[in-house]
Structure formats: C-alpha cells, structure tokens
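Here are the chains, one letter per residue:
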Amino acid sequence: MNIRLYMAQRLSAIIMIPLVFGHLGVMIYAIQGGLSAGEILSRTQGSVFWFMFYGLFVIAVSVHGAIGLRTIMSELLRWNDIALDAIMWGFGLLSIFMGARAVSAVTWL
Amino acid sequence: MANTNDTMTVKVWRGDKNGGAYQQFVVPRQDNQTVLDVVSWIQQNQDPNLSYRFACRVGMCGSCAMMVNGTPRWTCRTHVNKVLDANTLVVAPLRNLPPIKDLVADMDPFFDKWIDAGGHHDPSASRYDAMPQIAPDDAQRAVANESIECINCAVCYAACDTVAHNENYLGPAALQRAWTLYNDEKVNDTDAVLAAVSGKGGCHNCHSQGSCSLYCPNELNPMRAIAGLKAATIKHQLKRGR
C-alpha cells in the first residue's frame, strides 16, 4: 500500500457512503409497494440519473474492492508485487465489466 | 523446589533463530518483584547460560522488553503481581523480531526501519546561525512533544499485527519518530520526511488497530501520530497535484 493506492481507496470509500445509503433506500422502497421487475425497469430504463448513480457506484466499488483485495493478499498470503498488481487489476477490471453490464441492462433502453 | 504459594512457575523460551522451546523453572515469590527480577534470579541461581538483555532497570533505556504471558512489556517496570496468570509466567523474546538467543531479540530490523522512516535529524541551520526561538506553548511544538518520550523499547513493534503480516511496514515507533520530526521547526526538509513514510512500507499500511497505543509503556500514542502522517501526506500530495 502506497499513498496513491491509499488515496484511491479512501476517495472511493467517500463516494460510496451516500451511494450505499441510497441503494439501501431504493431497495426498501422498491419492495414496499410490491413493485414488479417490469415496473422497476420502466422507471430505470432511459434514466440518466440511475445510470450515473449505479455507474459511479460500480466504479467506486471496483476501485475500493480491488485495492482491499490487494492488501488482503499481501498480508495473508504475502504475494509479491507483480502478483498483487495482477490480482488488483484483474479483479478491478472484471468488477467494472460485470457492473457495467448490469448497469447498462437496467438503465439503457 | 516444589511449586508452593511461596513460589511460581516460570516458563522461559530457550533457543535461537533456528527454533526453540519453553523451559520450566520454579522461582521464589517476593514482594514488589518485577519480571526482570525473575529472569535475573533464574540466570543467577538456576541457569547462567540464560541470555537476556537489560541495562537501566528503571524504564529509561528500553532494552529489557519481552513477551510476558503473550503481551509485550518492559520487564523492569512490570510487577509480577499484575501479570501472573494461574501462578505462572510465560516469558519469551519480543514478537516480530528474529530471536538471537533465548530472550534476546535481534533489534536490527527495528532500528533499520527507524532510519528508513527518516528518523535522523536534518538541521535547518548550522552552528553559526542563531538558535530558532520556539515557544514552549507553540501548537506545533506541543504535537512534536507528544512523542519525544519514546525509549525505543520496540514494545509497539512487537504488539503490531500489521508488522507481523507485512515485513516492509516501518512500524509504529519509526513512524511516530517521523511525525515528531515533521512537526519540529528545526528540521530542514519536512517534505523528505513525508516522502520517507509514503512508500511501500509507509504509514498508509496502518490499519489503526491501536495495539501500539494500548501497550506503549510510556503511554504514548503512535496510532495518533500515524493518523497525523496520513493526513499530512494526503495534504502534501493534493498540493503537489495542483
């Protein structure tokens, strides 16, 4: 962990704080009235707001999780720097790819 | 000697860098007895081959720290009464440092990291310049003063789980020293101090578990010093980026 990774992880955490609460609120709201998947999609598809909300969430989660995983592997298994950077980038890019697919499926028309 | 109320069981780690095991001794109990007294009694009365390290015996020099019942402590100021568990003491060399022999740990990694963290004085003035005037109640000086009572005993280093899992991590004592230097007006290049603690093993590896501050025998707060370094390095980085 150097200062750049540290700052990226803290910054992504700061971004995630309101997004996590927003996500929890949306989940609770969505199931209260018994919204169907179709009704949810009709609200999210074509919505720039939800695209930005969950798009930013996916990026922040991917950055935060990848750096965290790097630290865990470093301290738990004592991998070398090459292996640590490989798993960090691999996990981060995979998370962004999978997250972007989900966000596009829910918010694009 | 049988183990009675007047005696206690003391298990002492014997060995070297290749490994070792605990050897059991029965030691007489005395009023106001310290753990260092116990180790000295064993060396003087039971086994003169027992190796351990001490100097001042009054909590000044920082050389007698050992693991006592699993906890790092300065043994010269640790009363047996306070740490005895089931009438037994388990004494071992400091954790996170390679053992040399018996209770003597190799302090080289600890002091090497002290240097790596920039822990030397880089003066801002020569002997021909006037002494800088620093008011004792100056806020920055007060922060620098918080950590100057460190005796380099390595108790915090032995207590730190991050040190245990990350061999590059500079550790609480070295980072606390860097924080003192950063806040010392007489230090020439504080940017160099921040650079020294921003690398691979730097202050950003700290998980703020707080064992350093919990076990420091002088009741210093290395965790707060490290938090200060984290904030200072981020401010410095943001300023540089502009």
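Residues numbered from 1 in each chain as written. Chains lettered and ligands numbered in written order. Predicted model: local features only at pLDDT ≥ 70, side-chain atom pairs only at ≥ 80, totals over all residues. Heavy atoms only, no water.

We now examine the interface of chain A and chain B. The interface of chain A with chain B comprises 11 residues on the first partner and 14 residues on the second. Among the residues of chain A in contact with chain B, Ile-3, Tyr-6 and Glu-75 of chain A are the three that bury the most area, contributing 46% of the side total. Across the pair Asp-81 of chain A and Lys-200 of chain B runs a salt bridge whose closest N-O atoms are separated by 3.1 Å. Those elements that provide at least two residues to the side of chain A that touches chain B are α1 (3-32) and α3 (48-77) of chain A. The dominant element in the side of chain A that touches chain B, judged by the number of residues it contributes, is α1 of chain A, at 4 residues. The residue inventory of the side of chain A that touches chain B, partitioned by class, reads 4 nonpolar, 3 polar and 4 charged. (Contact = heavy atoms within 4.5 Å. Buried area = accessible area lost by both parts, 1.4 Å probe. Salt bridge = Lys/Arg side-chain N within 4 Å of Asp/Glu carboxyl O. Helix = DSSP H or I, 4+ residues; strand = E, 2+ residues; numbered from the N terminus. Nonpolar A, V, L, I, M, F, W, Y, C, P; charged D, E, K, R; others polar.)

Take the domain arrangement of chain B next. All names here are of chain B. Domain assignment breaks chain B into domain 1 (7-105) and domain 2 (108-241). Of the residues lining the interface, 15 residues belong to domain 1; the matching set on domain 2 comes to 17 residues. With both sides pooled, the region where domain 1 packs onto domain 2 buries about 1200 Å², and carbon together with sulfur makes up 65% of that total. On the domain 1 side of the contact with domain 2, Trp-74, Arg-95 and Asn-96 bury the most area, a combined 42% of that side's loss. On inspection of domain 1 and its partner domain 2, the count reaches 1 salt bridge. The salt bridge partner of Asp-161 is Arg-95, with a shortest N-O separation of 2.7 Å. At the boundary of domain 1 with domain 2, the tally comes to 6 residue pairs in polar contact (both at pLDDT 80 or more). Residue contributions to the side of domain 1 that touches domain 2 peak at 4 residues, all from strand β4 (residues 71-74). (Domains from an automatic or database assignment. Polar contact = N/O pair within 3.5 Å; in protein donor to acceptor, adjacent residues only side chain to side chain.)

This brings us to the side chain of Ser-74 of chain A. Relative to the assigned elements, Ser-74 of chain A resides in helix α3. Relative accessible area serves as the criterion here: at 19%, Ser-74 of chain A is assigned to the buried category. Apart from residues no more than four positions distant in its own chain, Ser-74 of chain A is found in contact with Trp-79 and Leu-84 of chain A together with His-165 of chain B. (Buried < 20%, exposed > 50% of the residue type's maximum accessible area, 1.4 Å probe, protein only.)

Moving on: the pattern of salt bridges. Residue and element names in this part refer to chain B. Using the criterion set out here, one finds 9 salt bridges over all chains in the structure. Close ionic contact of Arg-14 with Asp-47 constitutes a salt bridge, the shortest N to O distance being 2.8 Å. On the criterion of sequence distance, the pair formed by Arg-14 in strand β1 (residues 7-16) and Asp-47 in the loop between α1 (35-45) and β3 (65-68) is long-range, its members being 33 residues apart. Look at Asp-47 and you get buried, because its relative accessible area is 14%. Between Lys-101 and Asp-102 there is a salt bridge, with its nearest N and O atoms 2.9 Å apart. Residue class for Asp-102 comes out buried when judged on its relative accessible area of 3%.

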